[in-house]
Amino acid sequence: QVQLQESGPGLVKPSVTLSLTCDVSGGSINDTNWWNWVRQSPGKGLEWLGQIYRTGSTNYNPSLKSRVAMSVDKSKNAFSLKLNSVTAADTAVYYCARGGYCSSTRCRDTEFDYWGQGNLVTVSS
Amino acid sequence: DIQMTQSPSSLSASLGDRVTIACRASQSIYNYLNWYQFKAGQAPKLLIYDASSLQSGVPSRFSARGSGTDFTLTISSVQPEDFATYFCQQSYNMPPTFGQGSKLEI
């Protein structure tokens, strides 16, 4: 059974960089899956932030593209999110989620079959 | 971005009731539609993919249908563990987008 667990600070100050890590167990970060970040806030609902593949290839939401970066750490079987220049609008529960694989007929990279429990991040001074 | 609109935003039900949640896409997404169940403090759960395919381990009281722009999720006989918030999500275009959620309450 694949399990994902987010970790990171619960409180960050405005203008700093938010950093979160998602530890993967029961599966390998080297599998043919895409690894995603999704956040949930009262104001914006559920918002997909982006995804990363084992090769380091990424896709980001254009709404955040200039502020977001993702990376993979194969030695720790984990992947990470960095969001810079945060404001109160970035206050949300941040989830990591596993996306499916892509075949010649269909790409399931944004079908999220496993999720973490979420990490509440509050941006406040 | 493709806009996903769910209705109703909240609904009340009793144990054993049949409930249906609707989801509409702002353009055709064929059958690239997924449904999730969210409960506070728990990892969200994928219920349905490809608009009507039941994810492994999901009880058969959950069913879904639709294609193009209009989709529905049905729970045939609501159980205590089904009280949660349900979201639809399109995986047809980047970025993937979600509905605003439908909260099922007792």
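Notes on the structure in this doc start here. Everything numeric in this text was worked out from a predicted model, so none of it was measured. (Residues numbered from 1 in each chain as written. Chains lettered and ligands numbered in written order. Predicted model: local features only at pLDDT ≥ 70, side-chain atom pairs only at ≥ 80, totals over all residues. Heavy atoms only, no water.)

Observations regarding the environment of Q3 of chain B
Residue and element names in this part refer to chain B. Test applied: We count a stretch as a helix when DSSP gives it H or I for four or more residues in a row; a strand needs E for two or more, and each element gets its number in order from the N terminus. Residue contacts are counted whenever heavy atoms from the two residues lie within 4.5 Å of one another. Two N or O atoms count as a polar contact when they lie within 3.5 Å, although within protein this holds only if one can serve as hydrogen donor and the other as acceptor, and sequence-adjacent residues are included solely when both atoms are side-chain atoms.
Considering the arrangement of structural elements, one finds Q3 in the segment before strand 1 (4–7). Remark: the alpha-carbon pair of Q3 and G101, spanning 98 residues in sequence, is separated by 13 Å. Contact partners of Q3, with chain neighbours within four places excluded, come to R24, A25 and S26. Engagement of the side chain of Q3 in a polar contact is seen with the backbone oxygen of D1, the distance being 3.3 Å.

Quick look at the interface of chain B and chain A
Where we set the bar: As a working definition, buried area equals the accessible area (1.4 Å probe) given up by two parts on being put together, with both sides summed. Note on definitions: salt bridges are taken to be side-chain nitrogens of Lys or Arg within 4 Å of carboxyl oxygens of Asp or Glu. Under the grouping applied here, Gly and all other residues not named as nonpolar or charged are polar, the nonpolar ones being Ala, Val, Leu, Ile, Met, Phe, Trp, Tyr, Cys and Pro and the charged ones Asp, Glu, Lys and Arg.
Between chain B and chain A, the contact holds 20 residues from the first and 19 residues from the second. Taken together, both faces of the contact between chain B and chain A bury some 1700 Å²; the carbon and sulfur share is 60%. Run the count over chain B and chain A and you get two salt bridges. Mapped by element, the contributors of at least two residues to the side of chain B that touches chain A are strand 4 (33–38), strand 5 (45–49) and strand 9 (85–90) of chain B. It is strand 4 of chain B that contributes the most residues to the side of chain B that touches chain A, three residues altogether. Of the residues in the side of chain B that touches chain A, the class split is twelve nonpolar, seven polar and one charged.

Some points on the side chain of Q37 of chain B
All names here are of chain B. The line we're drawing: Burial classes: relative accessible area under 20% of the type maximum marks a residue as buried, over 50% as exposed, and values in between as partly exposed (1.4 Å probe, protein chains only).
Within the secondary structure layout, Q37 lies in strand 4. Residue Q37 is classed as buried on the basis of its relative accessible area of 8%. Here the side chain of Q37 touches Y86 through a polar contact of 2.9 Å, side chain to side chain. Once you skip the residues sitting within four places of it in the chain, Q37 turns out to touch P44, K45, L47, F62, E81, D82, A84, T85 and Y86.

Quick notes on unusual backbone geometry
Residue and element names in this part refer to chain B. For the peptide bond that leads from S7 to P8, omega is -5°, which places it in the cis range. With an omega of 0°, the peptide bond running from M94 to P95 counts as cis. Along the chain, P95 turns up in the loop between strand 9 and strand 10 (97–98). At A51, a position not held by glycine, the phi torsion is positive, near 70°. Along the polypeptide, A51 turns up in the loop between strand 5 and strand 6 (53–54). In this structure A51 comes out as buried when scored by relative accessible area, which is 1%.

What to know about the packing of aromatic side chains
Worth spelling out the cut-off: Any Phe, Tyr or Trp ring, taking Trp's six-membered ring, that has another such ring centre within 6.5 Å forms a pair; planes under 30 degrees apart are called stacked, those over 60 apart edge-to-face, and the others tilted.
Across all of its chains, the model carries 15 aromatic pairs over all chains by this definition. Plain terms: the ring middles of Y32 of chain B and Y92 of chain B are 5.4 Å apart, the flat faces sit at 65° to each other, and that makes the pair edge-to-face. Remark: Y92 of chain B occurs in the loop between strand 9 and strand 10 and Y32 of chain B occurs in the loop between strand 3 (19–25) and strand 4; sequence separation between them is 60 residues. Classification of Y32 of chain B as buried rests on a relative accessible area of 18%. Through a chain of ring-to-ring contacts, the aromatic side chains of Y95, F112 and W115 of chain A together with Y36, F38, F87 and F98 of chain B assemble into a single cluster.

So, the pattern of salt bridges
All names here are of chain A. Overall, the coordinates contain twelve salt bridges over all chains when judged by the stated rule. Ionic pairing is found between R39 and D90, a salt bridge with its closest N-O pair at 2.8 Å. One end of the pair, R39, is in strand 4 (residues 34–41); the other, D90, is in the loop between strand 8 (78–83) and strand 9 (92–99), and 51 residues separate them in sequence. The pair formed by R39 and D90 is uniform in burial state, with each residue classed as buried. With relative accessibility at 2%, the residue D90 sits in the buried group. Members of the salt-bridge network, linked through shared partners, are R39, K44, E47, R67 and D90.

What about the sheet that holds strand 7 (residues 62–67) of chain B?
Residues and elements named next belong to chain B. Which entries qualify depends on this criterion: Only strands joined by at least two bridges in the DSSP assignment are considered to pair. Axis lines are fitted through C-alpha atoms, for helices just across the contact stretch, and the angle between N-to-C directions can take any value from 0 to 180 degrees.
The strand order across the open sheet formed by four strands is 1-3-8-7, and the pairing between neighbours is antiparallel. Only two strands of the sheet have a single neighbouring strand rather than two, namely strand 1 and strand 7. Direction aside, neighbouring strands of the sheet carry axes that sit 15° apart on average. In terms of strand pairing, strand 3 meets strand 8 (residues 70–75) through six bridges, oriented antiparallel. Residue A22 lies in a different strand from strand 8, and its bridge partner there is T72.

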